[in-house]
Amino acid sequence: MHIVFAASECVPFAKTGGLADVVGALPPHLVKLGHEVTVYLPLYARVRPHIKGEWKYAARSITIPFTYYNRFVGVVDGGKRDGVQYYFVDCPELFDRQELYGIRGGDYPDNAERFGLFCRAVLEATKLLGVPQVFHVHDWQTALIPIYLRTVYAADPMLNHAGVVLTIHNAGYQGKFPPSTTEQLLFPWDLFTLDKVEQFNDFNFLKGGLVYSDVLTTVSRKYAEEIQTAEFGERLDSVLRGRAADLRGILNGVDYAQWDPATDGNLAAHYTPENLAGKQECRADLLHAFGLEKVAASTPVIGIVSRFATQKGFDLVEQIAAKLSDRDVAVVALGSGEPVYEKFFRDWAFWNKGNVAAQIRYDDALAHKIEAGADMFLMPSKYEPCGLNQIYSLKYGTVPVVRATGGLDDTIEEWNAEQGTGTGFKFYGYEAADLLAAIDRALDAFQNKKAWKRLMRNGMARNYSWEQPAREYAAVYEEVARRRVS
Ligand code: ADP
């Protein structure tokens, strides 16, 4: 079967979060299952260095109409990698920019036009380069594809048999724009109603995608349930409840070619479940990288790698910071994002030199060092659709302390000292006291070296590779294709 992925991020070309990891890893696994996969991505400034040699245009000029003008888009052939065909949508005036979605503190003001153009360009490009049986689109940035397909393009004989699967990687980001977007993107005004794209007087890209896609998926079973409730649904819960029969939870896999302490090129030493000795060296290397060389060997190190967004629960960490600093524990944090959290981590480190250290930036190599060198990994998320870092942590024998939400709840099992089962520590209420209690349970368990090794090895034995989720996605595509034909 031919599947076209349309996405705003894809490893290794452009990444701001877990979406890029999924779009990078799933297609090659689908190819291994015998499918043909094409990935379309905007040609951002940061994609340019990945295109080697002279650019080869698969399509030179596709006309994308707007209200009073046209834009002309090229499609650059990115060639095949691991059997997957990549195409980059070239529109320099919209995509040749420093960032993907906006510069510090705000979105680009023309994001509706940018991703509206991208979606339409993908549909037009497939008519020249190959219409798939199924489009697999991701989050709000590509949610216009199903909307275009079932409205403006509904009568197109080349496109009208194609099915659409939309994956929600994070319902918190919806692409909300003013009502005039309807006209700007040349949609008929009867689309702007509550049962279609209108949501609290916004043109809501994600909502339209939820209405018009054949099947919806999200990235864990728990999150698929959660988003149907008012607490997690980000005001789309009633739409999602209405589509419950077509909503599936498929847990993300992780790429163990990149994330395995036995082979990870970013580490000072390698280690395996059978021989954990190298982890001590990784710990020393990590403490050195954060200027915490004086931390005692008996002191557990808690690692944090994250976008600093409200979603990630760092307001809870802020509430327990003083108490945590009184305990025998060191903290290393890597992240960037909302200024309040950047300031919190900077201040926390400033007042606790020698025990707490933070680096405010994006640094992939350092993220690997933290996964390997820390003893525990903290993810107190308010909500977490899937979460990748806790899965990496399991593989690296770094024990996750997590809030039991979304993928965190699906992947982490509470440690049971009596039975020697479980992989981490979980708390349920979104309360500082509950977080502190979970950390205290972890600090307690750390005192028993033999039990702690068992706990580490339980996690290291878990397998979250892409084989299983790729099969689940393939089954969804088959189902959608069947429905479209019949
Ligand atoms: P989200 O997609 O919500 O950001 P995930 O846990 O699904 O959360 O994915 C986050 C990914 O981004 C992981 O691969 C993580 O290592 C990486 N990451 C996040 N922040 C940083 C950072 N500051 N430096 C390096 N990697 C980071």
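Residues numbered from 1 in each chain as written. Predicted model: local features only at pLDDT ≥ 70, side-chain atom pairs only at ≥ 80, totals over all residues. Heavy atoms only, no water.

J.: How should I be thinking about the pattern of salt bridges in this particular structure?
T.: Any two side chains of opposite charge can pair if their charged atoms end up close together. Following the criterion strictly, the structure yields 26 salt bridges and no others. Close ionic contact of lysine 56 with aspartate 77 constitutes a salt bridge, the shortest N to O distance being 3.7 Å. Taken together, the residues lysine 56 in the loop between β2 (36-42) and β3 (57-65) and aspartate 77 in strand β4 (residues 70-81) connect sequence positions 21 residues apart. You can call aspartate 77 buried: its relative accessible area is 19%. (Salt bridge = Lys/Arg side-chain N within 4 Å of Asp/Glu carboxyl O. Helix = DSSP H or I, 4+ residues; strand = E, 2+ residues; numbered from the N terminus. Buried < 20%, exposed > 50% of the residue type's maximum accessible area, 1.4 Å probe, protein only.)

J.: Is there a simple way to think about the site of the ligand in this case?
T.: Close contacts around the ligand come from 20 residues, with Gly18, Arg307, Lys312, Arg361 and Leu388 the closest. In the environment of the ligand, an oxygen atom lies 2.6 Å from a nitrogen or oxygen atom belonging to the backbone of glycine 18. Taking arginine 361, its main chain carries an N or O atom lying 2.8 Å from a nitrogen atom of the ligand. Coverage of the ligand by the protein chains reaches 93% of its 560 Å² of free accessible surface. Broken down by secondary-structure element, the contributors of at least two residues to the shell around the ligand are α1 (18-32), β13 (301-308), β14 (330-337), α12 (364-373) and α13 (389-395). Looking at the shell around the ligand residue by residue, the classes come out as six nonpolar, six polar and eight charged. Composition of the shell around the ligand by domain shows at least three residues from each of domain 1 (2-253 + 467-485) and domain 2 (277-460). (Near = heavy atom within 4 Å. Polar contact = N/O pair within 3.5 Å; in protein donor to acceptor, adjacent residues only side chain to side chain. Areas by Shrake-Rupley, 256 points an atom, 1.4 Å probe, with all protein chains shown as cover. Nonpolar A, V, L, I, M, F, W, Y, C, P; charged D, E, K, R; others polar. Domains from an automatic or database assignment.)

J.: Would you explain the sheet that holds β4 in this entry?
T.: Consider a sheet: its strands pair through backbone hydrogen bonds, and that pairing is either parallel or antiparallel. Spatially, the nine strands line up as an open sheet ordered β3-β4-β5-β2-β1-β6-β7-β11-β12, and their pairing is mixed. Both edges of this open sheet fall to β3 and β12 (247-249), since each of them pairs with a single strand only. Strand-to-strand twist in this sheet, taken as the mean axis angle between neighbours without regard to direction, amounts to 25 degrees. As judged from the five bridges shared by strand β1 (residues 2-6) and β2, these two strands associate in the parallel manner. Within the sheet, the bridge partner assigned to histidine 2 lies in β2 and is glutamate 36. (Pairing = 2+ DSSP bridges. Axes fitted to C-alpha atoms, helices over the stretch in contact; angles between N-to-C directions.)

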